[in-house]
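An overview of the molecular structure
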Amino acid sequence: MNAFKETTLFADGRAPRVFEPGAGERDLAAFVSARRELIEERLLEHGALLFRGFDVASVADFEGFGEAVSPRALDYTYRSTPRSSVGKGVFTATEYPPDQEIALHCENAYQRDWPLKIAFCCLVAPQSGGETPIADMRRVAAAIGEERMDRFEARGVRYVRHYRPYVDIPWETVFQTSDRGEVARFCEANGIVHEWLDAQTLRTAQTNHGTARHPLTGERVFFNQAHLFHVSNLGAEVATSLLNMFGADRLPRHAYYGDGGEIAAEDLQAVREAFAGASIRFPWQVGDVMLLDNMQMAHGRKPFSGARKIVASLLDAYSERASNEPAPLAATA
């Protein structure tokens, strides 16, 4: 067998590190299984790995890769975006319309439990666009600055959601059940305050971390999704429309500081500029598999045209339960 090839995609960056097979090593699951220690070392060093040129043509092939990386695939419960399950521990990428961009973020950073790794696989490449940009969270944190990082760490982030028919994604999808008792039990177990405002309107609130520490490196990272949940993420026109329609205390989703205070516009702008400044992207090729350290690298999605099929797996569950419980819902009204 010829030796595999290992390079860095961008000469001036640490990520992604690219692996290409040698002769006779095109089975990606077998390749990773034989080099588990190397893969873990490179992922910790570079934050993102790209496996290119291997025989990956189906969900089953990608499942094998995920099992080789980690036997602990996470289910996608308490959902933020619409996805569909397509295999064991494999989901579609977020099913937003092709013309919409998904802002850079770390997966499940709005929760108290998250995957340490996330993997993506390109089964159908888009005709144009549709990249999955990534951003080095070290650069993001440096751009946000110590003062804002300290503020998010000290105050945390509160996520408030209102579920109504035909607005955003339904609570049955978010909680993966149509049993209101199951919803209540999930909320109680996860420190989520929930309240039925009427027969069809559910409100939830959860206060979580604003930053987190990487369990292996000890580095502090910006780790929340305030910039996604905040109504301003939808743009001024849509935000104004939602405010007029529902009122500031009944928005489908919104983010506050953990003490209930409004997040300053300049803080949100600084966060978005930090992600944008650290963003890198490359075109997907059919069969590409990208593995990210979910606390070192953020990811997003660019608009696209043509068919696009990207699937994902959430790997290596991690929990860092917040010590502070949410304040009463009335504090956000």
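Residues numbered from 1 in each chain as written. Predicted model: local features only at pLDDT ≥ 70, side-chain atom pairs only at ≥ 80, totals over all residues. Heavy atoms only, no water.

1. Structural notes on the packing of aromatic side chains
- The tally for this structure, following the rule as stated, stands at 20 aromatic pairs.
- These aromatic residues form a ring-pair network of at least three members: Phe4, Phe19, Phe31, Phe51, Phe54, Phe62 and Phe65.
- Note that Arg253 overlies the ring of Phe229, its terminal NZ or CZ placed 5.2 Å from the centroid.
- Over the ring of Phe304 we find Arg308, and its NZ or CZ is 5.4 Å from the ring centre. (Phe/Tyr/Trp six-rings, centres within 6.5 Å; stacked < 30°, edge-to-face > 60°. Lys NZ or Arg CZ within 6 Å of the ring centre and 35° of its normal.)

2. Some words on the sheet that holds strand β12 (residues 202–208)
- Here we have four strands laid out as an open sheet, ordered β11-β12-β10-β15, and antiparallel in their pairing. Two strands bound the open sheet, and with one partner strand each, they are β11 (193–196) and β15 (253–257). Averaged over all adjacent pairs, the angle separating strand axes in this sheet is 15 degrees, with direction ignored.
- In this sheet, β12 lies alongside β11 in antiparallel orientation, the contact comprising four bridges. Within β12, the residue paired with Trp196 across the bridge is Leu202. (Pairing = 2+ DSSP bridges. Helix = DSSP H or I, 4+ residues; strand = E, 2+ residues; numbered from the N terminus. Axes fitted to C-alpha atoms, helices over the stretch in contact; angles between N-to-C directions.)

3. Some details on the environment of Ala154
- The topology assignment puts Ala154 in helix α5 (residues 146–155).
- Residues Ala154 and Arg301, spaced 147 residues apart in sequence, show a C-alpha to C-alpha distance of 30 Å.

4. Some remarks on the side chain of Lys302
- Mapped onto the elements, Lys302 comes out in the loop between β18 (297–301) and β19 (304–305).
- Within polar-contact distance, the side chain of Lys302 engages the side chain of Glu101 at 2.9 Å.
- Filtering out sequence-adjacent residues up to four positions away, Lys302 remains in contact with Gln100, Glu101, Gly130, Glu131, Pro133 and Arg281. (Polar contact = N/O pair within 3.5 Å; in protein donor to acceptor, adjacent residues only side chain to side chain. Contact = heavy atoms within 4.5 Å.)

5. A short note on the sheet that holds β18
- Taken in spatial order, the four strands make up an open sheet running β6-β18-β9-β16, and their pairing is antiparallel. The open sheet has two free edges, formed respectively by β6 (102–105) and β16 (279–280), since each of these has just one partner strand.
- Taken together, the three bridges between strand β9 (residues 134–136) and β18 define a ladder with antiparallel strand orientation. Bridging from a neighbouring strand, Ile134 pairs with His299 of β18.

6. Considerations on the nonpolar core
- Ranked by size, the top nonpolar core spans 31 residues in total, and within it Val140, Phe152, Phe222, Phe223 and Phe275 carry the most contacts.
- When contributions to this core are tallied by element, the ones reaching two or more residues are β7 (113–124), α4 (137–144), α5, β10 (157–163), β14 (220–222), α8 (226–229), β15 and α10 (265–278).
- Counting residues per element, this core draws most heavily on α10, at five residues.
- Judged by nonpolar contacts, the second largest core, of 25 residues, contains Phe19, Leu43, Phe54 and Val289. (Core = buried A, V, L, I, M, F, W, Y, C linked by side-chain atoms within 4.5 Å. Buried < 20%, exposed > 50% of the residue type's maximum accessible area, 1.4 Å probe, protein only.)

7. As for unusual backbone geometry
- Cis geometry is found at the peptide bond from Ala15 to Pro16, where omega equals -5 degrees.
- Tracing the chain through its elements places Pro16 in the loop between β1 (5–8) and β2 (17–20).
- Despite not being glycine, Asn108 has its phi angle at roughly 60 degrees, a positive value.
- Position of Asn108 relative to the elements: it lies in the loop between β6 and β7.
- A residue is classified by how much of its surface remains accessible, and Asn108, at 4% relative accessible area, is buried.
- Phi at Gln176 is positive, roughly 55 degrees, even though this residue is not glycine.
- Here Gln176 shows up in the loop between α6 (171–174) and α7 (180–189).

8. Notes on the state of the cysteines
- Following the criterion strictly, the structure yields zero disulfides and no others.
- Free of any disulfide, Cys122 has its nearest cysteine sulfur in Cys121, 7.0 Å distant. (Disulfide = S-S within 2.5 Å.)

9. Describing α4
- Among the residues of α4, Met137, Val140, Ala141 and Ile144 are the ones counted as buried. Each buried residue of α4 sits inside an arc of 95 degrees when the element is viewed along its axis, so together they form one side. Along α4, exposed side chains directed more than 90 degrees from the buried face belong to Ala142 and Ala143.
- For α4, the elements touching its buried residues are β9, α5, β14, α10 and β18.
- The residue sitting at the N-terminus of α4 and contributing the capping side-chain oxygen is Asp136; that oxygen lies 2.9 Å from the backbone nitrogen of Arg138.
- In the stretch just after α4, Gly145 is the one whose phi turns positive, near 95 degrees. (Arc of directions from axis to C-beta.)

10. Thoughts on the pattern of salt bridges
- Using the criterion set out here, one finds 22 salt bridges in the structure.
- A salt bridge links Arg17 to Glu6; the shortest N-O distance between them is 3.0 Å. Of this pair, Arg17 sits in strand β2 while Glu6 is found in strand β1, placing the two residues eleven residues apart along the sequence.
- Here Arg185 ties to Glu182 by a salt bridge, and the two come within 2.9 Å at their closest N and O atoms. With Arg185 and Glu182 both in helix α7 and three residues apart, the pair spans about one turn of that helix. (Salt bridge = Lys/Arg side-chain N within 4 Å of Asp/Glu carboxyl O.)

These results come straight from atomic positions and should not be treated as a statement about function.
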